[in-house]
Amino acid sequence: MPRYFFHLHYGPGKRAPDPEGEILPGPEAVRSHALAAARGLVAQTRSDAVRDWFICAFEVVDEAGTPVLTVPFGDILPDQGD
């Protein structure tokens, strides 16, 4: 299975790289993992560096550094129509 890296973007020009990554079966699992990680950060993490978690996003890249997808933290919120 491929390894994916979840780099956290938390403001203009601010980035926290993921040096280890996660081994996951594919894009669906990658998105689910990113959303779960975002929920965990929003719910459990206090940070002076991050004032608003909802401006954050995970940029997910594969082992070659090729972008796979971007997951904005706002995606953890339910749709207004739900």
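Residues numbered from 1 in each chain as written. Predicted model: local features only at pLDDT ≥ 70, side-chain atom pairs only at ≥ 80, totals over all residues. Heavy atoms only, no water.

Caption draft 1: Seen up close, the nonpolar core. Ranked by size, the top nonpolar core spans 16 residues in total, and within it Tyr4, Phe6, Leu8, Val30, Phe58, Val60 and Phe73 carry the most contacts. Contributing elements (two or more residues each) for this core: β1 (3-11), α1 (27-44), β4 (57-62) and β5 (67-72). The biggest single contributor to this core is α1, with four residues. In this structure Val60 touches Tyr4, Phe5, Phe6, Val30, Thr66, Pro67, Val68 and Leu69, once residues within four positions along its chain are discounted. (Core = buried A, V, L, I, M, F, W, Y, C linked by side-chain atoms within 4.5 Å. Buried < 20%, exposed > 50% of the residue type's maximum accessible area, 1.4 Å probe, protein only. Helix = DSSP H or I, 4+ residues; strand = E, 2+ residues; numbered from the N terminus. Contact = heavy atoms within 4.5 Å.)

Caption draft 2: Looking closely at the pairing of β5. Of the pairings in the sheet, the one linking β4 to β5 comprises five bridges and is antiparallel in character. Counted as the bridge partner of Glu59 is Thr70 from β5. The hairpin turn running from β4 into β5, its antiparallel successor, is four residues long, and Gly65 in that turn takes a positive phi close to 85 degrees. (Pairing = 2+ DSSP bridges.)

Caption draft 3: Focus on the pattern of salt bridges. Across all of its chains, the model carries one salt bridge by this definition. Close ionic contact of Asp75 with Arg31 constitutes a salt bridge, the shortest N to O distance being 3.2 Å. One end of the pair, Asp75, is in the segment after β5; the other, Arg31, is in helix α1, and 44 residues separate them in sequence. (Salt bridge = Lys/Arg side-chain N within 4 Å of Asp/Glu carboxyl O.)

Caption draft 4: Looking closely at the side chain of Asp18. Secondary-structure assignment places Asp18 in the loop between β2 (14-16) and β3 (22-23). Comment: no salt bridge for buried Asp18; closest opposite-charge side chain is Arg3, at 7.5 Å. At 3.1 Å, the side chain of Asp18 forms a polar contact with the backbone nitrogen of Glu20. If near-sequence neighbours (up to four positions away) are discounted, Asp18 is found in contact with Tyr4, Phe5, Phe6 and His7. (Lys, Arg positive; Asp, Glu negative; His and termini not counted. Polar contact = N/O pair within 3.5 Å; in protein donor to acceptor, adjacent residues only side chain to side chain.)

Caption draft 5: The arrangement of the side chain of His7 in detail. Of note, His7 is situated in strand β1. Since its relative accessible area comes to 9%, His7 is described here as buried. Of the polar contacts made by the side chain of His7, one reaches the side chain of Arg15; its length is 3.3 Å. Within polar-contact distance, the side chain of His7 engages the backbone nitrogen of Asp18 at 3.0 Å. What His7 contacts, discounting residues up to four positions off in sequence, is Arg15, Ala16, Pro17, Asp18, Ala57, Phe58, Glu59 and Val61.

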